[in-house]
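# Results of the structural survey
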Amino acid sequence: MDEFIQVEEKFYILATSPRASDGTSVLKHGESFAVLDAFGDVEPLGHGEEGLYHEGTRHLSRLHVRLNGKRPLLLSSTVRDDNALLDVNLTNPDITEHEYLVLPRDTLHVLRVGFLRDESLFFRFRVHNYALAPVDVSLSVTFAADFADIFEVRGMKRERRGRLLSPRQGQSAVELGYEGLDGVERWSRIEFDPKPSVIGDSMASFETTIPSHGDRTFHVAVRCLQRSGQPVLAQASEFDDVLARVVSDRARTIANIPRIHTSNEQLNDWIARSSADLHMMISETEHGPYPYAGVPWYSTPFGRDGIITAFEYLWIDPGLARGVLRFLAATQAKETEPERNAEPGKIFHEIRRGEMAALGEIPFGRYYGSADATPLFVVLADAHHERTADDAFAETMWPHVERALRWIDAYADPDGDGFFEYASHSKGLVSQGWKDSFDSVFHADGRLAEAPVALCEVQGYVFAAWRAAARLASRLGRVGRAQELTQRAEELRVAFEDAFWDEELGTYILALDGEKRPCRVRASNAGHALFAGIASTERAGRVAERLLDEANFSGWGIRTVASSESRYNPMAYHNGSIWPHDNAIVAQGFARYGLKNEALKVFEALFEASALMEIHRMPELFCGFTRRPGQGPVHYPVACAPQSWAAGAVFLLLQSCLGLSIDAAAKRLCFERPILPASVRAVHIENLSIGNATVDLELRRHARDVGINLTRRTGPVDVIVVK
């Protein structure tokens, strides 16, 4: 077997059976999420991910609902547009006894409503009888909890596990327990209202007679608990009260953010779904809001993902960036811990809870194996200040910015050659850029790059961090520091152009390996150099030309790796697939250099892809196969959906095409050479805040430009259009 195929990914996500993506429903709140099938049930096949999870542990691995002993027929299944509520319509199948039809199909209608709140999954079943006579009804619920760690669900094998505890049964509830090897007890309490007719360790049933044109209502709640008998905030019978809180909270969130509406309903659907997905993924922490990365595999804080998501959404709501910055500042590494890849000043890669993280079976309890999160933290701190002009907050962030800059100086360039590298010091990730698959950094012949590796985009991020810190220092009165950082950024730019440009390829190389040999590979990483601003103007145009040629651009977006490269595989996680956030970053890079038509081409490709995605939800990634007439994008089998930075992509794409920038200190909203897709005649932006001012805007596409009308303004702000 070829040596290039034998390498195994340590944290690979197994896909041994088809993912239940068609009709799969996702609910999330705080540290909990649920993946349910179209019926609202949990029936994982093989290594299926369905279940109710809390803090990295699956608390519900089976939930089967049967009507008179049979699985109901599915009429419809939807998650409400704001992701708050699952709404399923069911009916009975034909039910026979001794070959006689005793209950014709479509006699009973079951409306199943579910939502997730306060570490609990709530369901209400309302059964209506449309027959002319009473009907005896049995609604039964079968349940189980395997308490699998999310990494076990992903396919990792453990030498041993903890022990399942004896179930505890009451008249209206059953508790299933597990004592982990970490000494923590985890419990799932399944509650019923009214009291079931029959209840056991794995099943309960409601037996009743429903009169003609009458109905009965039943409630089930599944709790994720840390101890047996733990009090809960609301009983299953308080379904309506809890639901009212859920709806009220979502409405309040939506009311406080700008509204974007366009003349194109499909674009409206993409924007609305992305906004709903992003807000579902945001968890409130003690430091403020933080977007967890993605369901199911990454529903936890990730440093890089949080920063990029906050950056994508910054022009809409800077409050998210504020929460991200505070969280990252509070968790910034203080000591050198090789097993965590931690060094003073470094920003974490991910933080995991759960049994395997607590035991060190995976290194991700609090793991710092990221080469780029730290410079990106500095970039976000400056961008937030430009968006808000919040000097007081910037002052609180400045010590953390300085610690991040010191980490870059002390640890990111161990051999002192002026480039910024990574090498793993633990059993964690081998690759530590955003493409963190083990095989994502390679030479033209397919050989993997040996560490330490200097990635193309990381050089750009450090350049951008120094420039950003210089701007922030200048605004805060630290003029000398600003001059020093500006000079260092310019020196890096010159060195980068010399070492990373490849004239034959017509683009920047992927990386330098540990022997300073160039990885002469065409990849989307070069587009991040444009995003960072490190590229020269002339070379930026050539990079854009390359990224939009047939080898790189599939028709649905820019591939992570060109189809001409040795390790190209359109179905690979990082070696030929299409990532929406990657495309949005590259498009922003195009726009930065005035390449607006190129940015628009990326926007239009992803827009057209979104129209063919289930419920217009942009997944973490999809396959990089070439677009063909009459066919849609090809799904990636284990992609997260929803995923935060994929949800944020549409907002950065729209900002890039509109050339939108906000300078809060100058009280200025600027549009530089705005451009819109031919299918979008108008865009309305309402309630956009700049400092103490708010504006409503109407943007209309004309034959040669986009006109902008200020329809409402409260407070001092100038709207400027640069042609």
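Report on the accompanying structure. (Residues numbered from 1 in each chain as written. Predicted model: local features only at pLDDT ≥ 70, side-chain atom pairs only at ≥ 80, totals over all residues. Heavy atoms only, no water.)

Right, let's get into the overall build of the protein. Of the regular secondary structure elements, the protein holds 17 helices and 34 strands. A compact globule built from 723 residues would reach a C-alpha radius of gyration of about 27 Å, and the protein, at 27 Å, matches this within 12%. Reported as C-alpha extents along the three principal axes, the dimensions of the protein are approximately 85 × 60 × 50 Å. A burial count over the protein gives 59% of its 723 residues as buried. At a minimum sequence separation of 6, the contacts of the protein that also span at least 24 residues come to 66%. Computing the positive centroid from 79 side-chain charges and the negative centroid from 99, the protein places the two 3 Å apart. (Helix = DSSP H or I, 4+ residues; strand = E, 2+ residues; numbered from the N terminus. Rg over C-alpha atoms; globule rule 2.2 N^0.38 Å. Buried < 20%, exposed > 50% of the residue type's maximum accessible area, 1.4 Å probe, protein only. Contact = heavy atoms within 4.5 Å. Lys, Arg positive; Asp, Glu negative; His and termini not counted. Charge placed at Lys NZ, Arg CZ, Asp CG, Glu CD.)

Read from one edge of the open sheet, four strands run β5-β12-β17-β16, paired in antiparallel fashion. Bordering the open sheet on either side are β5 (62–67) and β16 (198–199), each of which pairs with just one other strand. Both strand β12 (residues 135–144) and strand β17 (residues 203–210) contribute to a ladder of eight bridges, which runs antiparallel. Paired with S140 across the strands is S205, a residue of β17. (Pairing = 2+ DSSP bridges.)

Moving on, we come to unusual backbone geometry. With omega at 0°, the peptide bond leading from D193 into P194 counts as cis. On the secondary structure map, P194 appears in the loop between β15 (185–193) and β16. For the bond running from V295 to P296, omega is 10°, close enough to zero to count as cis. Among the secondary structure elements, P296 is positioned in the loop between β21 (288–291) and α5 (303–312). Unlike most non-glycine residues, D106 shows phi in positive territory, near 70°. Relative to the helices and strands, D106 resides in the loop between β9 (100–103) and β10 (108–117).

Attention shifts here to helix α9 (residues 391–411). Between the first and last C-alpha of α9 there are 29 Å, a value that for 21 residues agrees with the 30 Å anticipated at 1.5 Å per step. At M397, α9 is deflected by roughly 35°, the largest bend along its length, and proline P399 occurs up to four residues later in sequence. Buried within α9 are the following residues: F393, A394, M397, W398, H400, V401, E402, A404, L405, W407 and I408. Among the structural elements, α6 (318–330), α8 (373–388), α10 (456–475) and α11 (479–500) are those in contact with the buried residues of α9. (Expected span 1.5 Å × (residues − 1). Bend = angle between axes of the 7 residues up to and from the residue.)

In this section: the pattern of salt bridges. Overall, the coordinates contain 55 salt bridges when judged by the stated rule. Where R223 meets E191, a salt bridge forms, and the shortest distance between an N and an O atom there is 3.0 Å. Within this pair, whereas R223 is found in strand β18 (residues 215–225), its partner E191 is found in strand β15, the two being separated by 32 residues in sequence. Accessibility expressed as a relative area gives 2% for R223, which makes it buried. With a relative accessible area of 6%, E191 lands in the buried category. The closest approach of N and O atoms between D696 and R712, which form a salt bridge, is 2.8 Å. (Salt bridge = Lys/Arg side-chain N within 4 Å of Asp/Glu carboxyl O.)

Moving on to the packing of aromatic side chains. Enumeration according to the criterion identifies 27 aromatic pairs in this entry. With a centroid separation of 5.0 Å and 75° between ring planes, the pair formed by F364 and Y367 is classed as edge-to-face. With relative accessibility at 2%, the residue F364 sits in the buried group. For Y367, a relative accessible area of 0% puts it in the buried group. (Phe/Tyr/Trp six-rings, centres within 6.5 Å; stacked < 30°, edge-to-face > 60°.)

Our next topic: the packing of α8 against α9. Packing of α8 against α9 leaves a shortest axis separation of 9 Å and a crossing angle of 160°. As far as their axial angle goes, α9 and α8 are roughly antiparallel. Between α8 and α9 lies a crossing whose hand is left-handed. Every residue of α9 that contacts α8 at T374, P375, F377, V378, A381, H384 and H385 is listed here: D391, F393, A394, M397, H400, V401, A404, L405, W407 and I408. A breakdown of the residues in the contact of α8 with α9 according to their chemical character gives 12 nonpolar, four polar and one charged. (Axes fitted to C-alpha atoms, helices over the stretch in contact; angles between N-to-C directions. Parallel < 35°, antiparallel > 145°, perpendicular 65-115°, else oblique. Left-handed = near helix turned anticlockwise from the far one by under 90°. Nonpolar A, V, L, I, M, F, W, Y, C, P; charged D, E, K, R; others polar.)

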